[in-house]
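Take a look at the letters that make up each chain.
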Amino acid sequence: GAGVSQSPSNKVTEKGKDVELRCDPISGHTALYWYRQSLGQGLEFLIYFQGNSAPDKSGLPSDRFSAERTGGSVSTLTIQRTQQEDSAVYLCASSRGQANEQFFGPGTRLTVL
Amino acid sequence: AQSVSQHNHHVILSEAASLELGCNYSYGGTVNLFWYVQYPGQHLQLLLKYFSGDPLVKGIKGFEAEFIKSKFSFNLRKPSVQWSDTAEYFCAVNPRLGNNRLAFGKGNQVVVIP
């Protein structure tokens with residue numbers, strides 16, 4: 001079946017602009033995660049959604065970052081007033097439940113000029 | 001919070017050589033353990049996982065890993081690598097009870113020379 005999809009695959013923006021990154025999880029997966037992969041920092045957890053529970057936002061680096069998940073499916077990660085240090089690959093993953101393996105999407109490469 | 005250590009970030013070896021990548025984690029409770037692989041231009045894929053049971057787990061493409069609880073380790077091995085094993089390998093951990101977030105190591109960039 002279809003895997004996790006993310007859009008756009010690449011995004012170049014100017015410092016100070018807002019960006020939205022989209023994730024479509026695997027159908028039927030109740031858990032959704034956002035991670036960030038950057039040089040020097042490796043892969044970092046950002047936020048986690050599980051069903052209708054309140055999301056775990058403990059990994060978000062600042063209040064410029066937010067995410068929502070509509071209808072228990074698609075998720076959008078929004079970064080406001082982007083900074084150069086936000087440049088990274090943003091990865092989305094989904095899993096069947098809380099204790100199952102996570103399947104990753106191809107990522108969105110964000111470049112902030 | 002859990003942390004994961006991977007050493008020897010860059011590994012270069014010839015085809016047919018054996019590969020071992022170390023992974024150590026720090027966490028006081030019970031964990032699930034994973035190795036993910038990222039081939040050039042591709043997304044992260046699961047190589048193998050350990051949840052419970054036999055501490056020696058077999059994954060895809062001839063890889064295996066051994067969980068040694070006393071050493072907090074989950075080392076990855078392959079007896080004979082191929083050029084197609086050139087990739088970046090990530091060890092990851094999440095607590096058995098918790099929010100299922102994965103803590104990743106920094107990764108090992110492995111280059112196999114034909």
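Here, every reference points to the structure presented above.
None of these values were measured; they are calculated from a predicted model.

Colleague: A description of the packing of aromatic side chains should follow, citing residues and the corresponding values.
Modeller: Evaluated as defined, the whole model comprises 14 aromatic pairs over all chains. Seen in terms of ring centroids, B:Tyr36 and B:Phe104 are 6.0 Å apart; in terms of plane orientation they differ by 50 degrees. Their pairing is tilted. Linking B:Tyr36 in strand E5 (residues 31-38) with B:Phe104 in strand E11 (residues 103-104), this pair joins segments that are 68 residues apart in sequence. Exposure remark for B:Tyr36: the relative accessible area of 1% places this residue in the buried category. Judged by relative accessible area, which is 9%, B:Phe104 ranks as buried. Members of the aromatic cluster, each reached through a chain of ring pairs, are A:Tyr33, A:Tyr35, A:Phe45, A:Tyr48, A:Phe104, B:Phe34, B:Tyr36, B:Phe51, B:Phe90 and B:Phe104. Directly above the ring of B:Phe51 sits B:Lys49, whose terminal nitrogen or CZ lies 5.4 Å from the centroid.

Colleague: Report on the pattern of salt bridges, specifying residues and quantitative values.
Modeller: Residue and element names in this part refer to chain A. Following the criterion strictly, the structure yields 9 salt bridges over all chains and no others. The residue Arg-64 makes a salt bridge to Asp-86 at a minimum N-O spacing of 2.8 Å. On the criterion of sequence distance, the pair formed by Arg-64 in the loop between strand E5 (42-50) and strand E6 (65-69) and Asp-86 in the loop between strand E7 (75-79) and strand E8 (88-95) is long-range, its members being 22 residues apart. Asp-86 matches Arg-64 in its accessibility class, with the two residues each being buried.

Cut-offs applied
Residues numbered from 1 in each chain as written. Chains lettered and ligands numbered in written order. Predicted model: local features only at pLDDT ≥ 70, side-chain atom pairs only at ≥ 80, totals over all residues. Heavy atoms only, no water. Phe/Tyr/Trp six-rings, centres within 6.5 Å; stacked < 30°, edge-to-face > 60°. Helix = DSSP H or I, 4+ residues; strand = E, 2+ residues; numbered from the N terminus. Buried < 20%, exposed > 50% of the residue type's maximum accessible area, 1.4 Å probe, protein only. Lys NZ or Arg CZ within 6 Å of the ring centre and 35° of its normal. Salt bridge = Lys/Arg side-chain N within 4 Å of Asp/Glu carboxyl O.

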